[in-house]
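# Topology and contacts: notes
Chain residues, written in single-letter form:
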Amino acid sequence: MAPNTKGERFAWLDPTSIYINGSAFADLLDDLVADLDGLVVDVVAGLDAMGFVLGSALATRLGVGFLPIRKAGKLCVETDRVAFTNYSGRNQDMEMRKPAFAPGTKVLIADQWIETGGTVDGAIRLVERQGGRVVGLAAIAIEENATTDAYRAAYRCVSGVVQGSGWQAECNRQRLTSFETYDPQRSFPAIR
Ligand SMILES: O=P(O)(O)OC[C@H]1O[C@H](OP(=O)(O)OP(=O)(O)O)[C@H](O)[C@@H]1O
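What counts, and at which threshold
- Residues numbered from 1 in each chain as written.
- Predicted model: local features only at pLDDT ≥ 70, side-chain atom pairs only at ≥ 80, totals over all residues.
- Heavy atoms only, no water.
- Helix = DSSP H or I, 4+ residues; strand = E, 2+ residues; numbered from the N terminus.
- Buried < 20%, exposed > 50% of the residue type's maximum accessible area, 1.4 Å probe, protein only.
- Polar contact = N/O pair within 3.5 Å; in protein donor to acceptor, adjacent residues only side chain to side chain.
- Contact = heavy atoms within 4.5 Å.
- UniProt positions renumbered as here; feature names shortened; annotations may be inferred.
- Near = heavy atom within 4 Å.
- Areas by Shrake-Rupley, 256 points an atom, 1.4 Å probe, with all protein chains shown as cover.
- 1 Å grid on protein atoms, 1.4 Å probe; cavity = no way out; pocket = protein on both sides within 12 Å on 5 of 7 lines; lining within 4 Å.
- Sits in = over half its atoms within 2 Å of the grid points.

### Side note on the side chain of Asn21
Mapped onto the secondary structure, Asn21 falls in the loop between helix H1 (16-19) and helix H2 (22-35). Taking the relative accessible area as the measure of exposure, Asn21 reaches 18% and is therefore buried. A polar side-chain atom of Asn21 sits 2.9 Å from the main-chain amide nitrogen of Ala24. Apart from the residues within four sequence positions on either side, Asn21 is in contact with Arg186, Ser187 and Phe188.

### Considerations on the UniProt feature "domain: Phosphoribosyltransferase" (unreviewed entry) in the protein
Per the UniProt annotation, the sites labelled "domain: Phosphoribosyltransferase" (unreviewed entry) are residues 26-170. Helix and strand shares over residues 26-170 are 33% and 32% respectively, and the end C-alpha atoms of the span are 23 Å apart.

### Structural notes on the site of the ligand
In the vicinity of the ligand lie 15 residues, with Tyr87, Asp111, Glu115, Thr116 and Thr119 positioned nearest. Between an oxygen atom of the ligand and a side-chain N or O atom of Asp111, the distance comes to 2.5 Å. Between Glu115 and the ligand, the recorded distance is 2.8 Å, taken from a backbone N or O atom to an oxygen atom. Relative to its free-state accessible area of 500 Å², the ligand is covered by the protein chains to the extent of 85%. In this structure the site holding the ligand corresponds to the largest pocket. Contributing elements (two or more residues each) for the shell around the ligand: strand E8 (113-114) and helix H4 (118-129).

What follows is the structure, given as structure tokens:
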């Protein structure tokens, strides 16, 4: 995963090198699906924008559909809208089509990353307001803080970066030791 080279307005890392490499992406999905074993999911909801990548891939692996939750102002149908604040401190709105599913639908929410938990909090509210049951959260990494501790207590939380690992501690510090040797070419897709 690549370090931020652009400053504070941006996320502290970029996981594109996982998505762009077929083996790495497949390994990530294998691990997440294995950790989701036994969880009954009716639909995967992915968060705009990068949560669409992981969310739609997971949905196809789980054999269920995919529901995009959008940043506000994009959907051309009736929506429900909530405000949220993410790691940047910026206030934004997000929207979900309305109606999106029947009450009681079991929803797995997927996002690229959970840092403060502010973004996923908005998605949980949208799902629950339509009578959906959030059954799990999936991400490449879920940083540890009071908000995400509460999520782990309430929902099945699965992440590529495993809780208790050295990588989890590095994620919490927002500095990976692998940044020192990061080389984008190592993840380039093979040319056939
Ligand atoms: O836990 P939080 O502090 O809310 O931060 C996590 C969110 O931030 C990132 O997305 P970002 O808002 O950067 O947008 P993007 O998906 O369009 O890159 C990430 O993909 C999550 O959606």
